[in-house]
Amino acid sequence: TNTDPSAKKQKTDATTTSTQLPQDAPVSWEEIRPTIHTHMSKDDLISCLEAVWDSNGDVRDAIVDAAEELEAIAGEEEDDTWRDAEDQTILLRYDWRTKSNKHHIKGKSAVQDDTSVINLHSGGFVRFDVVVADLKRMFKEADELVITGDGYPDGVVGCDKCGVLGSTLKFCVEQKGNQFRLVVKTEVYCACMGYTRAIGIEEETYYIVVP
């Protein structure tokens, strides 16, 4: 029996070394799982496995690289897409106009005075005058500005004959990168024929007035 202590130590060191992870171990599953679930489809994953199946590399590395590449592409596409701006009060920071320069919404000029009146309109046949203080209150109560015909006089939004509920005038500031636009969507409903139907659905886009 070999009782040499140094031999026993060498054997222990060899066992320890063989069970240690390499310094360049791949990303853990918990780290990469959200990216894979969000950005990799089943087809993406299968294509990735097919490409590296016969290679000598670690398949996990290939999957991580592919998932991160898809995530980067998704990020670039997101920057090029119009999305609802988180801060809808941007409406009050600028003056807006349509591309045709036919319709204007003056927001910036009224911000300093809560008693000022802003004329909000669809770009079509719906117009609504609102006091700035009321507009600020609406923004505090909801994430978006939606004006309904319910409770407003003179049929501001909706059919002025039957007054059926459900008509809306929606203002939404959208953002793409550092750009902003204001999209106004109008839905007017009528029940004069005995049933509720849409008689006017419009969408108009406004852009910031550049000084």
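Residues numbered from 1 in each chain as written. Predicted model: local features only at pLDDT ≥ 70, side-chain atom pairs only at ≥ 80, totals over all residues. Heavy atoms only, no water.

Q: For this particular structure, what's the right way to read unusual backbone geometry?
A: Trans is the common state for peptide bonds, and a negative phi is the common state for residues other than glycine. Positioned with a positive phi, Asn101 is a non-glycine residue whose angle comes to about 65 degrees. With a relative accessible area of 40%, Asn101 lands in the partly exposed category. (Buried < 20%, exposed > 50% of the residue type's maximum accessible area, 1.4 Å probe, protein only.)

Q: Help me understand the side chain of Thr205 in this model?
A: Structurally, Thr205 can be placed in strand S9 (residues 197–208). Beyond its immediate stretch of four places on either side in the chain, Thr205 contacts Arg97, Thr98, Lys99, Arg181, Leu182 and Val183. (Helix = DSSP H or I, 4+ residues; strand = E, 2+ residues; numbered from the N terminus. Contact = heavy atoms within 4.5 Å.)

Q: I would appreciate a short explanation of the packing of aromatic side chains in the present structure.
A: Working definition: an aromatic ring pair is given by the centre-to-centre distance plus the angle between the planes. Taken as a whole and assessed by the stated rule, the structure comprises 1 aromatic pair. Note on Tyr94 and Trp96: the rings are 6.1 Å apart at their centroids and 80 degrees apart in plane angle, and the pair reads as edge-to-face. Judged by relative accessible area, Tyr94 falls into the partly exposed class, the value being 30%. Trp96 gets classed as buried once you look at its relative accessible area, which sits at 0%. (Phe/Tyr/Trp six-rings, centres within 6.5 Å; stacked < 30°, edge-to-face > 60°.)

Q: I would appreciate a short explanation of the pattern of salt bridges in the present structure.
A: It is possible for side chains of opposite charge to pair when their charged atoms get near one another. Tallying each qualifying case throughout the model produces 4 salt bridges. Asp87 is the salt-bridge partner of Arg93, the closest N and O atoms lying 2.3 Å from each other. With a relative accessible area of 30%, Asp87 lands in the partly exposed category. As a salt-bridge pair, Glu174 and Arg181 come within 2.8 Å of each other at their nearest N and O atoms. What makes Arg181 buried here is its relative accessible area of 19%. (Salt bridge = Lys/Arg side-chain N within 4 Å of Asp/Glu carboxyl O.)

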